[in-house]
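These are the residues of each chain, in order.
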Amino acid sequence: MSDSLWRDERAIEGLPIRLVIALVVGVACLSVMMSTISGIETLQVTEIDVEPHPEVANPGSQDIVVTVVDSKGSPVSGATVVAKSGTATLSSVKTGETGSAGNATLSLSPSLGPNQQDGTVTFEVKPPAGSSYEDARSNTDLLVVRSP
């Protein structure tokens, strides 16, 4: 039976053409995949977070500086920061826009309930229009602690 395979010219003749076709199709597919992978980086979005200064505050009126940073810690300018009541209460929602250093100063007046020793003020960020930033995860909260 092995003699018949050596004499069969169809098997040897058909093989190189099929290999050439497979090689051409494989190279074309690889080229498409590589261009897709290189384009993925441009579609990537970067998560942003807030860093309140100070991180711990007492109840009452005070200015809180909120810095918006990207995942590498670089400041983000042109973002809108929104402060809302968490477990600590704010009389109203406060907003501010970050400058070139990524900072926004918010005048907050958090309060705690009568038997409440601590609470939080939450922050949301609206990224700058047309940017590759997003605020999908929860941000760092401001901790409000009643002085003993």
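None of these values were measured; they are calculated from a predicted model.

(A) Molecular detail of the confidence of the model for the chain. Counting all residues, the mean pLDDT for the chain is 82, and 85% of those residues have values of 70 or more. The weakest mean pLDDT in the chain belongs to helix α1 (residues 2-7) at 59; the strongest belongs to strand β4 (residues 62-69) at 91.

(B) Just the nonpolar core, in detail. If you look at the biggest cluster of nonpolar residues, it comprises 21 residues, and the most contacted ones within it are Val68, Leu108, Val121 and Phe123. Residue assignment for this core shows that the elements contributing at least two residues are β4, β5 (80-85), β7 (103-108), β8 (118-126) and β10 (142-145). Excluding its chain neighbours within four sequence positions, the residues that come into contact with Val121 are Ala83, Lys84, Gly86, Ala88, Leu90, Leu108, Pro110, Asp141, Leu142 and Val144.

(C) A look at the sheet that holds β5. Pairing in this open sheet of five strands is mixed, and the strands run β3-β10-β8-β5-β6 from one edge to the other. What marks the edges here is a single partner per strand, and that holds for β3 (56-57) and β6 (94-97). Here β8 runs beside β10; their pairing, made up of four bridges, is antiparallel. Bridging across to β10, Thr120 finds its partner in Leu143.

(D) The sheet that holds β4, seen in detail. Read across the open sheet, the three strands follow the order β2-β4-β7; overall the sheet is antiparallel. The open sheet is flanked by β2 (49-53) and β7, the only strands paired with a single partner. Each strand axis lies, on average, 30° off the axis of its neighbour in the sheet, ignoring direction. In the sheet, β2 pairs with β4 via five bridges, with the strands oriented antiparallel. In the sheet register, Val50 faces β4, and the bridge partner there is Val68.

Here is what the cut-offs are and how they apply
- Residues numbered from 1 in each chain as written.
- Predicted model: local features only at pLDDT ≥ 70, side-chain atom pairs only at ≥ 80, totals over all residues.
- Heavy atoms only, no water.
- pLDDT = per-residue confidence, 0-100.
- Helix = DSSP H or I, 4+ residues; strand = E, 2+ residues; numbered from the N terminus.
- Core = buried A, V, L, I, M, F, W, Y, C linked by side-chain atoms within 4.5 Å.
- Buried < 20%, exposed > 50% of the residue type's maximum accessible area, 1.4 Å probe, protein only.
- Contact = heavy atoms within 4.5 Å.
- Pairing = 2+ DSSP bridges.
- Axes fitted to C-alpha atoms, helices over the stretch in contact; angles between N-to-C directions.

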